[in-house]
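# Residue-level structure breakdown
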Amino acid sequence: MKIIKEGGESIILGTGFISPEFILEYKLEPNKLLRITKNQPTNQSTNKTTDPPIEHKIYTIIETIPNNCNMYSIPNTNPIKLTTKQKIYHEIDKLIKKNKYTTLNPLPETILLYEIPYAGEYELLDTIKRIDIKSIKIRPSIKNIPKIWNKYQDIIDFASQIITALKYLHKNNIAHLDIKPENIMVEIYNNTNHKFRLIDFGYSSIYPFTDYLENMQGTPDYFPQHFEDQSSPAPYLPKIIS
């Protein structure tokens with residue numbers, strides 16, 4: 001799988017970008033995604049890692065949702081620690097620089113690599129671009145993606161699955177807060193009954209969402225218009241950073 005995307009706090013890539021030696025060494029499965037983040041900080045006074053980020057608490061809650069693997073794809077909670085001494089660290093560094101990403105650039109001396117269960121072959125955004133002639137001209141490889149938007153029912157099925165996934169999150173007091181085509185993966189089944197899964201819970205929050213309200217983050221392009229001017233937000237709105 002050769003997918004690479006930049007999140008607000010992490011980089012997600014397919015195992016197609018990883019050397020075969022590393023895959024064999026750590027027994028990674030070829031059809032899984034990998035999430036790369038900064039190393040968890042250590043409390044200097046106790047020499048122990050700090051409390052797990054809210055994201056890990058969210059994963060724990062999601063794991064209790066029935067059939068969660070059909071709606072979400074979340075990383076495992078036992079990451080592989082990588083340092084500058086390992087070849088794979090430098091492969092990842094080159095990928096980040098090649099794609100001109102700002103997240104994890106420069107790459108910290110120690111990073112964590114989380115394995116993500118199978119989410120699907122394609123990003124939702126690429127399946128949408130597949131029906132756009134201009135996008136195909138810019139990136140011809142998109143033409144290899146099967147067409148999945150052929151009738152109104154396809155859109156209804158997609159909307160129904162995402163609404164159901166959000167319903168269970170909200171029922172468990174979780175807000176994703178970064179819903180966008182890049183954060184939805186598609187598993188294609190013979191051009192019918194496709195499965196859509198939410199990924200990337202890096203900006204998610206748990207009720208009463210205090211952490212989010214005090215430090216609002218997200219993807220500015222997907223915020224309402226009144227968030228456009230980040231330099232001088234309205235007095236009643238917190239500033240957005242991405």
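Just above sits the structure.
Conventions and cut-offs
- Residues numbered from 1 in each chain as written.
- Predicted model: local features only at pLDDT ≥ 70, side-chain atom pairs only at ≥ 80, totals over all residues.
- Heavy atoms only, no water.
- Pairing = 2+ DSSP bridges.
- Helix = DSSP H or I, 4+ residues; strand = E, 2+ residues; numbered from the N terminus.
- Axes fitted to C-alpha atoms, helices over the stretch in contact; angles between N-to-C directions.
- Contact = heavy atoms within 4.5 Å.
- Salt bridge = Lys/Arg side-chain N within 4 Å of Asp/Glu carboxyl O.
- Buried < 20%, exposed > 50% of the residue type's maximum accessible area, 1.4 Å probe, protein only.
- Polar contact = N/O pair within 3.5 Å; in protein donor to acceptor, adjacent residues only side chain to side chain.
- Core = buried A, V, L, I, M, F, W, Y, C linked by side-chain atoms within 4.5 Å.

### Things to note about the sheet that holds strand β3 (residues 33-38)
What the five strands build is an open sheet, ordered β1-β2-β3-β7-β6; its pairing is antiparallel. With partners counted over all chains shown, the strands left at the sheet margins are β1 (4-6) and β6 (80-83), one partner each. Neighbour-to-neighbour, the strand axes of the sheet open up by a mean angle of 25°, direction not taken into account. Sheet strands in contact with helix α3 (residues 87-98) are β1, β2 (11-14), β3, β6 and β7 (110-116), and its direction is about 80° off that of β6.

### A few points about the sheet that holds strand β8 (residues 122-123)
The strand order β8-β10-β11 describes an open sheet built from three strands, whose pairing is antiparallel. The outermost strands of the open sheet, each flanked by one partner alone, are β8 and β11 (195-198). Bridge analysis of strand β10 (residues 184-187) against β11 gives four bridges, and the strand direction is antiparallel. Within the sheet, the bridge partner assigned to valine 186 lies in β11 and is phenylalanine 196. Lying over the sheet, helix α6 (residues 152-171) contacts β10 and β11, oriented at roughly 35° with respect to β11.

### Things to note about the pattern of salt bridges
Within this structure, the stated rule accounts for six salt bridges. The closest approach of N and O atoms between glutamate 55 and arginine 35, which form a salt bridge, is 3.0 Å. Taken together, the residues glutamate 55 in helix α2 (residues 54-62) and arginine 35 in strand β3 connect sequence positions 20 residues apart. In this structure, aspartate 178 engages lysine 180 in a salt bridge whose closest nitrogen and oxygen atoms are separated by 3.9 Å. Neither residue differs from the other here; aspartate 178 and lysine 180 are each classed as buried.

### What about the side chain of histidine 56?
Locating histidine 56 in the fold gives a position in helix α2. Residue classification places histidine 56 among the buried positions, given a relative accessible area of 14%. A distance of 3.4 Å separates a polar atom in the side chain of histidine 56 from a polar atom in the side chain of tyrosine 114.

### Looking at the nonpolar core
Membership of the largest hydrophobic core comes to 22 residues, with the highest contact counts inside it found for Ile62, Tyr72, Leu169, Phe196, Leu198 and Phe201. For this core, the secondary-structure elements that each account for two or more residues are α2, α6, β10 and β11. With five residues, the top contributor of residues to this core is α6. Those residues within four positions of phenylalanine 196 in sequence are excluded, and the remaining contacts are Asn70, Met71, Leu124, Ile148, Trp149, Phe158, Gln161, Ile162, Ile184, Met185 and Val186. Among the nonpolar cores identified, the runner-up in size contains 21 residues, and Ile11, Tyr89, Ile92 and Leu95 belong to it.

### Focus: the environment of histidine 90
Among the structural elements, histidine 90 can be located in helix α3. On the basis of relative accessible area, histidine 90 is assigned to the partly exposed category, the value being 37%. For the pair histidine 90 and leucine 107, spaced 17 residues apart in the sequence, the C-alpha separation amounts to 9.3 Å.

### Side note on the environment of isoleucine 184
Within the secondary structure, isoleucine 184 sits in strand β10. Classification of isoleucine 184 as buried rests on a relative accessible area of 3%. Along the backbone, isoleucine 184 and serine 73 are 111 residues apart, and their C-alpha atoms lie at a distance of 9.5 Å.

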